[in-house]
Amino acid sequence: MKWFAQAPSNIALIKYMGKKNENIPCNSSLSYTLDKYTSTVTLELASQSSFKNSENLDQFAIQRFLNHLNYIKNIFGCNENFLVKSTNNFPHSTGIASSASSFAALTICGCKAICDILNKPLPSLQEMSAISRKGSGSSCRSLFSPWALWDGEYAQPIELPTLHHELIVVDSSKKLVSSSQAHKLVSTSSLFVNRPQRAQKRLENLIHALKILDWATCYQICWEEFWDMHALFETSSPHFGYILPETMNILRKIENMWRKINDGPVVTIDAGANIHLLWRNNNLFSLDWSN
Ligand code: PMV
């Protein structure tokens, strides 16, 4: 028997940064689902658990993946072993983190396989979101598209306008500080004290602005939000950072565009140097990076 599941990656506009036990976030987050960037997981019954991946994952990442499958097996009381295969349709060099899509795909595939074997009903998307959260926090948002709102144990879909996503890859090398380390380090920043309140206020304002398509306000909120997260990084002890000179060059060009025509893309940056642009579907521009 063989089972298969696919899940997309996502980019947060209101960021998950800082967590409590079991990946319970310090604040709610809102993400746009990147349907083009997917991970696929297959599970096959086997005499021993093992893992095959198209990327060169290190031993720690492989163990984390297998631990998550064990966690799902324990929930349902399943004793079977599986050969786990995982692939991404986006190469490493895109700079998109694969943990959100791969853990969401593993959660869906694991639940499907185990429920089939044990003849149990498949959990709801919300229940699977909560299961996925334990493996990788941001993966709990990848079960919904195009928007997901994560508050506490699981994410839920939220109806907001569909946008057009574009990624500008500035750097595709492996991060020096992983997001797991970042979650811990940010609590040492003096700016972290009111972070949940700031994120919550922005979340409410952004949802309202998206609903009425007040695009300039969306841009302003998302701009403040990614800088808030990066300011936490830069004021942690020890401090660390991801923004590169080329990232700044591009950000300045986008700022200029907005200044000139009071329009352009909404911009956000994850824990990395790459730039995510979101355009309104009826308003696609082509940015000229040469000036
Ligand atoms: O799910 P994690 O532990 O990899 O954390 C992801 C955190 C950010 O990507 C930096 C922000 C987010 O909300 O996705």
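Residues numbered from 1 in each chain as written. Predicted model: local features only at pLDDT ≥ 70, side-chain atom pairs only at ≥ 80, totals over all residues. Heavy atoms only, no water.

*Asks:* Explanation requested: the packing of aromatic side chains in the structure shown.
*Replies:* Two numbers describe a pair of aromatic rings. These are the distance of the centres and the angle of the planes. Summed over all chains, the structure comprises 14 aromatic pairs. Geometrically, the ring pair formed by W3 and F82 is edge-to-face, given 6.3 Å between the ring centres and 80 degrees between the ring planes. Of this pair, W3 sits in strand 1 (residues 2-14) while F82 sits in strand 4 (residues 81-88), and the two are 79 residues apart along the sequence. Each member of the pair, W3 together with F82, is buried. Look at F65 and F103: their rings are 5.2 Å apart centre to centre, the planes differ by 85 degrees, and that puts the pair in the edge-to-face class. In this pair, F65 is assigned in helix 1 (residues 59-76) and F103 in helix 2 (residues 99-118), connecting sequence segments 38 residues apart. F103 carries the same exposure label as F65, and that label is buried. (Phe/Tyr/Trp six-rings, centres within 6.5 Å; stacked < 30°, edge-to-face > 60°. Helix = DSSP H or I, 4+ residues; strand = E, 2+ residues; numbered from the N terminus. Buried < 20%, exposed > 50% of the residue type's maximum accessible area, 1.4 Å probe, protein only.)

*Asks:* It is not clear to me how the nonpolar core should be interpreted in this structure. Could you clarify?
*Replies:* Across soluble globular proteins, nonpolar side chains show a tendency to be buried alongside one another. Of all hydrophobic cores here, the largest spans 40 residues; its most connected members are L30, W147, L206, L210, I254, V267 and I275. When residues of this core are traced back to their parent elements, those giving at least two are strand 1, strand 2 (29-46), strand 7 (163-168), helix 5 (195-211), helix 6 (215-234), helix 7 (245-261), strand 8 (266-268) and strand 9 (275-280). Excluding residues within four positions of it along the chain, I275 makes contact with E166, L167, I168, T247, I250, L251, I254, V267, T268 and I269. Ranked by size, the runner-up nonpolar core spans 34 residues in total, among them Y16, F51, C78 and I131. (Core = buried A, V, L, I, M, F, W, Y, C linked by side-chain atoms within 4.5 Å. Contact = heavy atoms within 4.5 Å.)

*Asks:* Just to check I follow, could you spell out the site of the ligand for this structure?
*Replies:* Taken together, 13 residues form the shell around the ligand, and within it Y16, S138, R141, S179 and D270 come nearest. Note that an oxygen atom of the ligand is positioned 2.7 Å from one of the side-chain N or O atoms of R141. At 2.9 Å from an oxygen atom of the ligand is found a side-chain nitrogen or oxygen belonging to H183. With the chains in place, 94% of the 380 Å² that the ligand exposes on its own is no longer accessible. Of the residues belonging to the shell around the ligand, the class tally is 5 nonpolar, 5 polar and 3 charged. (Near = heavy atom within 4 Å. Polar contact = N/O pair within 3.5 Å; in protein donor to acceptor, adjacent residues only side chain to side chain. Areas by Shrake-Rupley, 256 points an atom, 1.4 Å probe, with all protein chains shown as cover. Nonpolar A, V, L, I, M, F, W, Y, C, P; charged D, E, K, R; others polar.)

*Asks:* For this particular structure, what's the right way to read the sheet that holds strand 8?
*Replies:* In a beta sheet, neighbouring strands pair by backbone hydrogen bonds and run either parallel or antiparallel. With antiparallel pairing, 3 strands are arranged side by side in an open sheet as 7-9-8. The two strands at the open ends of the sheet, each matched to only one other strand, are strand 7 and strand 8. The average angle at which neighbouring strand axes cross in this sheet is 25 degrees, direction not considered. The sheet contact formed by strand 7 and strand 9 spans 6 bridges and is antiparallel. Across the sheet, residue L163 finds its bridge partner in strand 9, namely R280. Against the sheet, helix 6 contacts strand 7, strand 8 and strand 9, and its axis sits at roughly 10 degrees relative to strand 8. Of the strands in this sheet, strand 7, strand 8 and strand 9 touch helix 7, which is tilted by about 20 degrees from strand 9. (Pairing = 2+ DSSP bridges. Axes fitted to C-alpha atoms, helices over the stretch in contact; angles between N-to-C directions.)

*Asks:* How do you make sense of helix 5 when you look at a structure like this?
*Replies:* Each full turn of the α-helix corresponds to 3.6 residues, which orients residues three or four apart in the same direction. Along its 17 residues, helix 5 runs 24 Å from first to last C-alpha, staying within 8% of the 24 Å computed at 1.5 Å per residue. Residues of helix 5 that are buried: R195, A199, R202, L203, L206, I207, A209 and L210. Projected down its long axis, helix 5 shows its buried positions confined to an angular sector of 160 degrees, all on one face. Facing away from the buried surface of helix 5 by more than 90 degrees, the exposed residues are H208 and K211. The inward-facing, buried residues of helix 5 abut strand 1, strand 2, strand 5 (147-151) and helix 6. (Expected span 1.5 Å × (residues − 1). Arc of directions from axis to C-beta.)

*Asks:* It is not clear to me how helix 3 (residues 125-135) should be interpreted in this structure. Could you clarify?
*Replies:* Looking at helix 3, one finds that the buried residues are M128, S129, A130, I131, S132, R133 and G135. Check the buried side of helix 3 and you find it contacts helix 1, helix 2, strand 5 and strand 6 (154-157).

*Asks:* Would you take a moment to explain the environment of Q48 for this structure?
*Replies:* Along the polypeptide, Q48 turns up in the loop between strand 2 and strand 3 (50-53). Expressed as a C-alpha distance, the spacing of Q48 and R280, which sit 232 residues apart in the sequence, is 49 Å. With residues near it in sequence (within four places) discarded, Q48 still touches N81 and F82.

*Asks:* Would you mind showing me how to read the environment of S28 here?
*Replies:* Mapped onto the fold, S28 is located in the loop between strand 1 and strand 2. In sequence terms S28 and F51 are 23 residues apart; their C-alpha atoms lie 33 Å from each other. Among all residues touching S28, those that are not within four sequence positions of it are I14, K15, W150, D151, Q200 and L203.

*Asks:* Explain the packing of helix 1 against helix 3 here, please?
*Replies:* When two helices pack together, their arrangement is given by the angle between the helix axes and by the axis-to-axis distance. At a minimum axis separation of 9 Å, helix 1 and helix 3 run at an interaxial angle of 140 degrees. Like other packed secondary-structure pairs, helix 1 and helix 3 cross with a definite hand, here right-handed. Of the residues in helix 3, those touching helix 1 at R64, H68, Y71, I72 and I75 are I131, S132, K134 and G135. Of the residues belonging to the contact of helix 1 with helix 3, the class tally is 4 nonpolar, 3 polar and 2 charged. (Left-handed = near helix turned anticlockwise from the far one by under 90°.)

That's the geometry; what it means functionally is another story.
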